[in-house]
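If you want the building blocks of each chain, they are given just below.
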Amino acid sequence: MGLFDRVFRGSDEMYFKAESELNQVIAELGESAPMTMPDTAYFLACIYAYLGKKVTTLGELKEALAQLRAMMGREYRTKSIFDSGVATACCAEVIEACKYARNPAPYEGTQYHGHFSDAEVRELGVPLVTKDIPGFVVIIGPAPSQEEAVELVKGYQSRGIFVFMIGGVIDQIHAAGMATGFPVRVVPVGDDIWSVGHVISLVTRATMIFGATEPGDADAFHRYTCDRINAFVNAYAPVNDITVACGAGAIKLGFPVITNDTEDMWAVPKSLIINTNTKDWIETSLEARGIKIKVTNIDIPVAFSSAFEGEIIRRKAMQIEMDGSRVDCIELVQTKDAHEIEDHKITVEGPDFDAFEFGSKIPIAYIVDVAGKNMQTDFEGVMERKFHSWLNCIEGVMHTGQRDMIRIRVSDAAYEAGFRARHIGEVLYAKIKSDFDAVVDKCQVRIYTDPEKVKEMREMGNHVFDKRDERLKTLTDESVDVFYTCILCQAFSPSHVCIVTPERLGLCGAVSWLDAKATNELDPQGPCQIVPKSRPIDERVGRYEDVDEAVNQYSHGALEHVTLYSIMEDPMTSCGCFECICGIEPLSNGVVIVNREHAGMTPLGMSFSEMASMTGGGVQTPGFMGHGKHFISSKKFMKAEGGPGRIVWLPKALKDQIADNLNETAKELYGIDNFTDMIADETITEDMEELYAFLTEKGHPVLGMEPLM
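All figures in this text were calculated on a predicted structure; none of them were measured in a lab.

J.: Just to check I follow, could you spell out the packing of helix 1 (residues 3-29) against helix 3 (residues 58-71) for this structure?
T.: Viewed as axis vectors pointing N to C, helix 1 and helix 3 meet at an angle of 165 degrees, and their least axial separation amounts to 11 Å. Taken together, the axes of helix 1 and helix 3 are roughly antiparallel relative to one another. Both helix 1 and helix 3 take part in a crossing whose hand is left-handed. Along its contact with helix 1, which presents Asp12, Tyr15, Phe16, Ala18, Glu19, Leu22, Val25, Ile26 and Leu29, the element helix 3 presents Leu58, Leu61, Lys62, Leu65 and Arg69.

J.: What is the right way to read the nonpolar core from this model?
T.: Note that soluble globular proteins tend to have their nonpolar side chains buried in a common cluster. Of all hydrophobic cores here, the largest spans 206 residues; its most connected members are Met35, Leu61, Phe164, Phe353, Tyr366 and Ile432. Sort the elements by how many residues they give to this core and helix 4 (residues 81-102) lands first, with 13 residues. Residue contacts for Tyr366: discarding those within four places in its chain leaves Ile330, Glu331, Leu332, Phe387, Leu391, His399, Ile406, Ile408, Ile424, Leu428, Arg446 and Ile447. Cys580, Phe631, Met638 and Ile647 belong to the second-largest nonpolar core, a separate cluster that totals 21 residues.

J.: I keep staring at the state of the cysteines and nothing clicks. Help me out?
T.: The term disulfide refers to a covalent linkage connecting the sulfur atoms of a pair of cysteines. Inspection of the entire model under this criterion finds zero disulfides. Distance from the sulfur of Cys91, which forms no disulfide, to the nearest cysteine sulfur (Cys90) is 7.2 Å. Considering cysteine sulfurs only, Cys489 is the nearest to Cys575, which forms no disulfide, with 3.4 Å between them.

J.: It is not clear to me how helix 18 (residues 545-554) should be interpreted in this structure. Could you clarify?
T.: Since there are 3.6 residues in each turn of an α-helix, residues three or four apart along the chain are aligned in direction. Within helix 18 the residues assigned to the buried category are Asp546, Val547, Asp548, Ala550, Val551 and Tyr554. At the exit of helix 18 stands His556, carrying a positive phi of roughly 60 degrees.

J.: Could you clarify how one ought to interpret a nonpolar patch on the surface in this entry?
T.: On the surface, a cluster of nonpolar side chains totalling about 240 Å² of accessible area is made up of Leu587, Tyr692 and Leu703. The residue Leu587 is located in the loop between strand 20 (580-585) and strand 21 (590-595) in this model. Relative accessible area serves as the criterion here: at 41%, Leu587 is assigned to the partly exposed category.

J.: Before we go on, may I ask you to explain the packing of aromatic side chains in this structure?
T.: Taken as a whole and judged by the stated rule, the model has 23 aromatic pairs. Residues Tyr50 and Phe221 carry aromatic rings whose centres are separated by 5.9 Å and whose planes lie at 35 degrees to one another, so their mutual orientation is tilted. Of this pair, Tyr50 sits in helix 2 (residues 45-51) while Phe221 sits in helix 10 (residues 218-228), and the two are 171 residues apart along the sequence. In this structure, Tyr50 and Phe221 share a single accessibility class: buried.

J.: Would you explain the sheet that holds strand 13 (residues 407-411) in this entry?
T.: The strands making up a sheet are joined through hydrogen bonds of the backbone, oriented either antiparallel or parallel. Spatially, 10-7-13-12 is the arrangement adopted by the four strands of the open sheet, whose pairing is mixed. Two strands in the sheet have a free side with no partner beyond their single neighbour: strand 10 (360-361) and strand 12 (397-400). Two elements, strand 12 and strand 13, share four bridges in a ladder whose sense is antiparallel. Counted as the bridge partner of Thr400 is Arg407 from strand 13.

J.: How should the sheet that holds strand 8 (residues 329-335) be read in this particular structure?
T.: Taken in spatial order, the four strands make up an open sheet running 8-11-14-9, and their pairing is mixed. Among the strands making up the open sheet, the edge pair consists of strand 8 and strand 9 (346-349). Adjacent strand axes in the sheet meet at a mean angle of 10 degrees when their direction is disregarded. In the sheet, strand 9 pairs with strand 14 (residues 442-448) via four bridges, with the strands oriented parallel.

J.: What should I look at first to understand the side chain of His399 in this one?
T.: Inspection of the secondary structure puts His399 in strand 12. The class for His399 is buried, based on a relative accessible area of 1%. Apart from the residues within four sequence positions on either side, His399 is in contact with Glu331, Tyr366, His388, Leu391, Asn392, Ile406, Arg407 and Ile408.

J.: Mind showing me how you'd approach the environment of Ala267 here?
T.: Tracing the chain through its elements places Ala267 in the loop between strand 5 (257-259) and strand 6 (272-274). In the structure, Ala267 is positioned 264 residues away from Leu3 in sequence and 9.9 Å away in space, judged by C-alpha atoms. Setting aside its immediate chain neighbours within four residues, Ala267 contacts Leu272 and Ile274.

J.: Help me understand the pattern of salt bridges, please; the structure alone is not making it clear to me.
T.: Two side chains that carry opposite charge are able to pair once their charged atoms sit near each other. Enumeration over the complete set of coordinates arrives at 45 salt bridges. Here Lys62 ties to Glu31 by a salt bridge, and the two come within 3.6 Å at their closest N and O atoms. In this pair, Lys62 sits in helix 3 while Glu31 sits in the loop between helix 1 and helix 2, placing the two residues 31 residues apart along the sequence. A salt bridge links Arg471 to Asp378; the nearest nitrogen and oxygen atoms lie 2.9 Å apart. One end of the pair, Arg471, is in helix 16 (residues 451-473); the other, Asp378, is in helix 13 (residues 378-392), with 93 residues separating them in the sequence. Judged by its relative accessible area of 36%, Arg471 falls in the partly exposed class.

The rules behind the values
Residues numbered from 1 in each chain as written. Predicted model: local features only at pLDDT ≥ 70, side-chain atom pairs only at ≥ 80, totals over all residues. Heavy atoms only, no water. Axes fitted to C-alpha atoms, helices over the stretch in contact; angles between N-to-C directions. Helix = DSSP H or I, 4+ residues; strand = E, 2+ residues; numbered from the N terminus. Parallel < 35°, antiparallel > 145°, perpendicular 65-115°, else oblique. Left-handed = near helix turned anticlockwise from the far one by under 90°. Contact = heavy atoms within 4.5 Å. Core = buried A, V, L, I, M, F, W, Y, C linked by side-chain atoms within 4.5 Å. Buried < 20%, exposed > 50% of the residue type's maximum accessible area, 1.4 Å probe, protein only. Disulfide = S-S within 2.5 Å. Patch = residues over 30% accessible without salt bridge, like charges linked within 9 Å, V, L, I, M, F, W, Y side chains within 5 Å. Areas by Shrake-Rupley, 256 points an atom, 1.4 Å probe, with all protein chains shown as cover. Salt bridge = Lys/Arg side-chain N within 4 Å of Asp/Glu carboxyl O. Phe/Tyr/Trp six-rings, centres within 6.5 Å; stacked < 30°, edge-to-face > 60°. Pairing = 2+ DSSP bridges.

So, to be careful, I would describe these as geometric facts and stop short of saying anything about function.
The structure is reproduced here in structure tokens:
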């Protein structure tokens, strides 16, 4: 029996399993029973992507399964093994969908993740774009030993690769005590091979969310996954026929399969790689998918990788904590003359971590002095915002906040490994010198834990921050001569272009005008290009000839016109990475805004996922707009349509987060005190008519504004 026979036999096995499971659930619930997956606007995403079919009932799922059987080319094997492999993966989705038909949370209380929400798919967007996650691997196990399983997973973690696990490797990782879950980018998907359907569902939704790929256009899906999604599979022997068939589907998607199984297998260059030396799999896999990892050597006793950014250090595992809300703390970058700095000098003034008892709260100040002929003081804040990400990349360290309101926890495991105060300096030095090498020639780090010295540094730092904030307040769209493009997201949304201004940051929430300026200085040929604003067409809506020319050029002709301040006239495009999305609420002529963290419904009768499906992928959708959280309180938010006064509903958590800034803006624009008290949230109503009654009772300014349509 050859490889082709194994693929077709595996396809048959998966199909018959799917048919059996579906027949059983139909017998229990009936063909008219609803078929929905939680927290997604993309139905059964694999079937929707490949067949263009919106499955909403079990009867429709039965019809789709028949189409998948035809896709396998059962009669005379008229289809290729790769098409059969894709159909096999779709049948895996059918099997998993049957579980959700019976129980909306079938994996609750287990060690497995199961279905991925649309929010989780989008959560991967920004780090994939920025290459913090250079790619992802699906590991199908078990590995030959627990030690090898840990070595493989940690090896991928250290390189920033997102890890999905299926089968026995999950038990091995948990037995070793490794943390798993989305925050640490190691996800146990499911015990059986058909749980791979959840991974393929994630992939197909990514193509629709970020690539605006049309459902039913299989060729477009395959072009997108081959060109833009860096994924691969590691499958340990023995590999059964169903897994072989799923592997054929992975290869069709452009994802190489690396295995040590030699039974009825033959190598396909760069697609099916047989490597019996499993210790070499990481390098083999990265090379096969063309992933190049930039490694920064940092002299610390624990691992450093973006995979640890979401790591949570619980109090019971906390060796030491630095909390700016309880004791003095501060982090600061200062520009100095070159002669004032000794490069790579790291000093610690005060007791080190080992001088304190387990669970202690201690003060800390770390001052990073930089010098360079191209260094600008505007870059200081940009560098400081990077501290959060960099320190979170340290295994066993958690960082939140900024300036003098930071909190850092060091785990007992990191402490036992030898992590001390100076290692914070080593990380900051290494990353400043590697990420900002175009502007920083010399760097030194001063760390203080002596309470009196930390208090002194905090007072000095807050004086610097006050002066900086006054400077930032003068940065308006009118006060600068140029805007910037940001096309980082074109890795996934080829036609999307952000125009970043002082009052409108990138829709991902991660790129401010100063960030874009620094990026342009660091990499003049990079994603942030200068856009002059010398030829205004209509400043009310924010239309400039310069902006139109830029978006036309950088979208490769997909866009002709973009306005900066309107949601109705040629609004800026969205890629899918947006923090929030707003949409028109027709009864009040206002807008509803929802952030990706909010799992509930909105008065529009749509969740975040459903609203987000109205835009994204680099298309313009009048009436809907993706944006960052901070843009909500900007005076340029929907300026053409009346500004933030159009906002009628926000999730409570988001409203509380932005209340101070939004109230300040509303006071300045409309003379209204405590404007957020006039905005409804889910604790008040999710009903459109009840919302209108609430707005009337509160005298919301939107009721006096011109109709949007």
